[in-house]
Number of protein chains: 2
Amino acid sequence: MLNRVAAVGFGSTSFSREKSQTEQKLLEATADLFNNVANLSQSDVDTVLVSSMDNTKYLSAILSESSGISPRISQSVENMCSSGTSAIISGVSYVASGLADIVLVVGADRFDSPGRVLDWDVSRGRFSHPIYWASLFASAYKRESGATDEDLAAVPAKNHRHAKDNPDAYSKSNITIQDVMDSKRLTDDIRLYDCSMPCTGAAAILLASETAAKQLTDSPVWISGIGQKNTSARFAKSGGLANMTSITDAKQAAFSMAKKTPQDVDVTELHDAFSVCEPMALEALGLASKNCGYKMSKAMFDTHDNSVNPRGGLIGAGHPLGATGIAQTIEIVSQLQGRSKKRQVQNAKTGLVHNMSAAATSSTVLVLES
Amino acid sequence: MLNRVAAVGFGSTSFSREKSQTEQKLLEATADLFNNVANLSQSDVDTVLVSSMDNTKYLSAILSESSGISPRISQSVENMCSSGTSAIISGVSYVASGLADIVLVVGADRFDSPGRVLDWDVSRGRFSHPIYWASLFASAYKRESGATDEDLAAVPAKNHRHAKDNPDAYSKSNITIQDVMDSKRLTDDIRLYDCSMPCTGAAAILLASETAAKQLTDSPVWISGIGQKNTSARFAKSGGLANMTSITDAKQAAFSMAKKTPQDVDVTELHDAFSVCEPMALEALGLASKNCGYKMSKAMFDTHDNSVNPRGGLIGAGHPLGATGIAQTIEIVSQLQGRSKKRQVQNAKTGLVHNMSAAATSSTVLVLES
């Protein structure tokens, strides 16, 4: 990649079950971003990218007009649950290529967004998507690793606890391991509290070239590694039930570009759409050894270590699809800027974002550095 | 822009009223592209971008799996009628930044695609969108330029005639100026044959870095100028009824990047969603002087000059929204490669693509060179 690209600021809304329009949430997060970035004026923004599973078209033009921006480049980016990070990568590419200087990336969704479930894969058997793949993953992962349901229940207990330090989080509840075990059994391997919840919310991030970044902030965060991989669209072709191979490929590319290793990572946001996703992602990202991801999640729960999913992950913070990848990235930017208040991870210098779509058939990994 | 980017090959389907699925049309155009590019294998393609107004999500992953591709970067791009050229610009950016080497960009839509009409602008008065803005443009343009309905009717007569040399075109009809004048009057200023028709079809283009391009073709076409501008989402804010200011801005950026002028252009595809759009675009692009665009269209009709909209434009070729910008670009690539058979413009070395969305609230201009 040719030119350095920085994240220089962000904005967000609360994540809730609110019934407002996607356009409204996009605008709220953008207004919050303009409030947060003191020197930014509308005319500085030359590119606007929107990510949403909403069916409304021309959302980037609508957001631009509502926000007083007349951008050159303007488009929506969609890639299921990964839409937010896909839009960020598109924005990085526009800056790195020299086609843009300052890019606003905003994602939003409603709790009832029509795109929140992928209709295309009809090979799902008796469970409705996405419960079906989470259930198959959980069954296979428990068999391979020896993890129990109670071990996996430490993931939502930990991430709901983290969410209590995130004022925007959807979860306002104390959820114990016992609460997870007692929650409604949806399949043999998934209970209600193993699931993240679709919700309404938005997140906005500002990307800039090195020169522009230094004019806008004294604490730019550099996006130094980018990895993506799309193995397939159907779960049946994604590489086995106990592996998430798209994460492995994306991780290798991202660490290689950034010249970093998993040992360098101080803070991570990863895609815990369901409890089992966190240990599987920890292993595929190289943060835990094979079949030991669940032990790492449990140990972090026991020791109150919040360096993985400090904002609460998808389970604690909620999952407004088009906003999720942007909200994950914002959390890492905030951590590396030392602005995360009660949930600040001490001395965080290098951060990792992992996002994925549709049973890990595609994954995105970003490495960020202060 | 840092790295040179070439178009190295393409594929397409016929444009028709066929009731097939968008996924099927995307796959057909992609298969045609693989047939046309002899040395290309699925594993060479590292990025897949899809443009469509279809509401189906994860289309780039679905197309990738159906085509046997496992890309790194994969996403859908949406920007109303301009979606196809927006996806191409995103692809150019990925190659120019070094994040990708070979990018497949495929657009498709159905004649009844839910996104073909923009619902958001409710200030349209008594005409349904997009007839309302075309009617207001036609009325204002006639008043300013002195053009008559009969003058403007030369545009569809010319472009339907061009379409007869394009085997994929939607139009199979001989349409005379008199036929246009006799066609059903939709508003005071728009008749049925002034309109392009939504249809079903797909188009695919392959973009590559300089090194990869030279391995895949001996006639690369370079994308040397890129301009975009988004003035607004609502027609009411787009800068007046007799001007398309987004075209002017996009044109200046594209010619400046390519170090070319309108006088260098040998062949043009421009967005003639309605008759009046062609003269207005000719003027805004600098190909005709102010208020003389209609005279240029009429003169080209009289002299059988097909250097503007040689494939038939949107009026003759049809308008499958997500495919249109890609089909326009393919036509210019084909012309610059000398592969356009009966519709070949002689000695074409420099070509221009103009695409726009929603009453010219946004425009894209590309300069291509052989």
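This one's a predicted model, so the numbers in the text were calculated from it and none came from an experiment.

Caption draft 1: Region of interest: the interface of chain B and chain A. Taken together, the 52 residues of chain B in the interface contact 51 residues of chain A. Summing the contributions of chain B and of chain A, the shared interface buries around 4,300 Å²; its carbon and sulfur component is 54%. Together, Lys57(B), Tyr58(B) and Glu65(B) form the three largest contributors to the area buried by chain B at its contact with chain A, with a combined 20%. Connecting chain B to chain A are zero salt bridges.

Caption draft 2: Representation of the relation of the copies chain B and chain A in the model. In the superposition of chain B on chain A (RMSD 0.0 Å, axial shift 0.0 Å), the rotation amounts to 180°. Accordingly, the operation relating the two chain copies is best matched by a two-fold axis. Of every C-alpha in chain B, the one belonging to Ser97(B) sits nearest the axis of rotation, 2.0 Å from it. Of the interface residues in chain B, 98% have counterparts in chain A that sit at the interface too, so the contact is made through matching surfaces.

Caption draft 3: Region of the structure containing the state of the cysteines. Taken as a whole, this structure holds zero disulfides over all chains when the rule is applied. There is no disulfide at Cys199(A), and the cysteine sulfur nearest it, in Cys81(A), is 12 Å away. Summary of cysteine pairing: Cys277(B) is not part of a disulfide, and the nearest cysteine sulfur, belonging to Cys81(B), is at 9.8 Å. Among the residues examined, Cys277(B) registers a relative accessible area of 0% and is labelled buried.

Caption draft 4: Seen up close, the pairing of strand E6 (residues 221-230) of chain B. Residue and element names in this part refer to chain B. The buried count for E6 comes to 10 of 10 residues, which makes it a mostly enclosed element. In this structure, strand E1 (residues 5-12) lies alongside E6, joined through two bridges in antiparallel fashion. In the sheet register, alanine 7 faces E6, and the bridge partner there is valine 221. Bridge count between E6 and strand E9 (residues 362-369): eight bridges; the pairing is antiparallel. Each residue of the ladder has a partner; that of glycine 227, found in E9, is valine 365.

Caption draft 5: Broad picture of the nonpolar core. Of all hydrophobic cores here, the largest spans 76 residues; its most connected members are Leu207(A) and Leu207(B). Setting aside anything within four residues of it in sequence, one finds Leu207(B) in contact with Val5(B), Ala6(B), Ala7(B), Ile88(B), Gly91(B), Val92(B), Asp101(B), Ile102(B), Val103(B), Val105(B) and Ile223(B). Within the second largest apolar cluster, 41 residues are counted, among which are Trp133(B), Phe235(B), Ile247(B) and Ala288(B).

Caption draft 6: Region of interest: helix H10 (residues 277-284) of chain B. Residues and elements named next belong to chain B. Extensive coverage of H10 is indicated by the burial of eight of its eight residues. Residues Cys277, Glu278, Pro279, Met280, Ala281, Leu282, Glu283 and Ala284 constitute the buried set of H10. Its buried side turned inward, H10 meets helix H4 (131-145), helix H5 (149-152), helix H6 (154-163), helix H9 (245-258), helix H11 (293-303) and strand E8 (350-357). Downstream of H10 by one or two residues, glycine 286 has phi in the positive range, about 85°.

Caption draft 7: The packing of helix H6 (residues 154-163) of chain A against helix H11 (residues 293-303) of chain A, seen in detail. All names here are of chain A. The interhelical angle for the contact between H6 and H11, taken along N-to-C directions, is 40°, at an axis separation of 9 Å. The orientation of H6 with respect to H11, classified from their angle, is oblique. Every pair of crossing elements has a handedness; the one defined by H6 and H11 is left-handed. Residues Ala154, Val155, Ala157, Lys158 and Arg161 of H6 form the contact with H11, whose participating residues are Ser297, Lys298, Met300 and Phe301. Of the residues assigned to the contact of H6 with H11, the class counts are five nonpolar, one polar and three charged.

Caption draft 8: Summary view of empty space enclosed by the protein. Scanning the entire structure with this criterion turns up five cavities of 30 Å³ or more. By volume, the largest cavity is sized at about 220 Å³. Along the walls of the largest cavity sit 21 residues, with Lys57(A), Glu78(A), Ser52(B), Lys57(B) and Glu78(B) positioned nearest its centre. Elements with a minimum of two residues in the lining of the largest cavity: strand E2 (47-51) and strand E3 (73-78) of chain A together with strand E3 (73-78) of chain B. Of the residues assigned to the lining of the largest cavity, the class counts are six nonpolar, nine polar and six charged.

Caption draft 9: Molecular detail of the pattern of salt bridges. Residue and element names in this part refer to chain A. In the structure shown here, the tally under the stated rule is 30 salt bridges over all chains. Of the charged contacts, one joins glutamate 28 and lysine 25 as a salt bridge, the two residues approaching to 3.1 Å between their closest N and O atoms. Residue glutamate 28 and its partner lysine 25 are located together in helix H1 (residues 22-36), separated by three residues, close to a single helical turn. By relative accessible area, glutamate 28 is classed as partly exposed at 29%. By relative accessible area, which is 2% here, lysine 25 ends up buried. Here aspartate 149 and lysine 142 are joined by a salt bridge, their closest N and O atoms 2.5 Å apart. Assigned by exposure class, aspartate 149 and lysine 142 land together as buried.

Cut-off values and rules
- Chains are numbered independently. Their residues run from 1 in the order of the written sequence.
- Chains carry letters from A onward and ligands carry numbers from 1 onward, assigned in written order.
- Per-residue local features of the predicted model are confined to residues with pLDDT of at least 70, and side-chain atom pairs are confined, for both listing and counting, to 80 or more; whole-chain, interface and lining totals are unaffected and use all residues.
- Only hydrogens and water are removed before side-chain values are computed, so all heavy atoms of the structure are retained for them.
- In what follows, a contact means two residues having at least one pair of non-hydrogen atoms within 4.5 Å.
- Computed with a 1.4 Å rolling probe, the buried area is the accessible surface lost when two parts are put together, summed over both parts.
- We count a salt bridge whenever a side-chain nitrogen from Lys or Arg sits within 4 Å of a carboxyl oxygen from Asp or Glu.
- All copies are superposed by least squares; the fitting set is the C-alpha atoms of residues with a pLDDT of at least 70 in both.
- Note on terminology: pairs of cysteine sulfur atoms within 2.5 Å are recorded as disulfides.
- Here the term buried applies to any residue with accessible area under 20% of the maximum for its type, exposed to any over 50%, and partly exposed to those in between, with areas from a 1.4 Å probe on protein chains only.
- Helical segments are the DSSP runs of H or I of at least four residues, strand segments are the runs of E of at least two, and each set is numbered from the N terminus.
- Strand pairing is assigned whenever DSSP detects at least two bridges linking the two strands.
- Think of a nonpolar core as a cluster: buried Ala, Val, Leu, Ile, Met, Phe, Trp, Tyr and Cys residues, connected wherever their side-chain atoms sit within 4.5 Å.
- Each axis is a line fitted through C-alpha atoms, taken for helices only over the stretch in contact, and angles between the N-to-C directions span 0 to 180 degrees.
- Working definition: roughly parallel below 35 degrees, roughly antiparallel above 145 degrees, roughly perpendicular at 65 to 115 degrees, and oblique for all remaining angles.
- Each crossing gets its hand from how the near helix is turned against the far one by less than a right angle, where anticlockwise is left-handed and clockwise is right-handed.
- Gly is placed with the polar residues, together with every amino acid not listed as nonpolar (Ala, Val, Leu, Ile, Met, Phe, Trp, Tyr, Cys and Pro) or charged (Asp, Glu, Lys and Arg).
- Residues are called lining when one of their atoms sits within 4 Å of a cavity or pocket point, these points coming from a 1 Å grid over the protein atoms alone, where a cavity is a set in which a 1.4 Å probe fits but cannot get out and a pocket is an open set with protein on both sides within 12 Å along at least five of seven lines.
- Grid points are joined across faces, edges and corners, and a volume is the space filled by probe spheres set on the points.

Just geometry here; none of it tells us what the structure is for.
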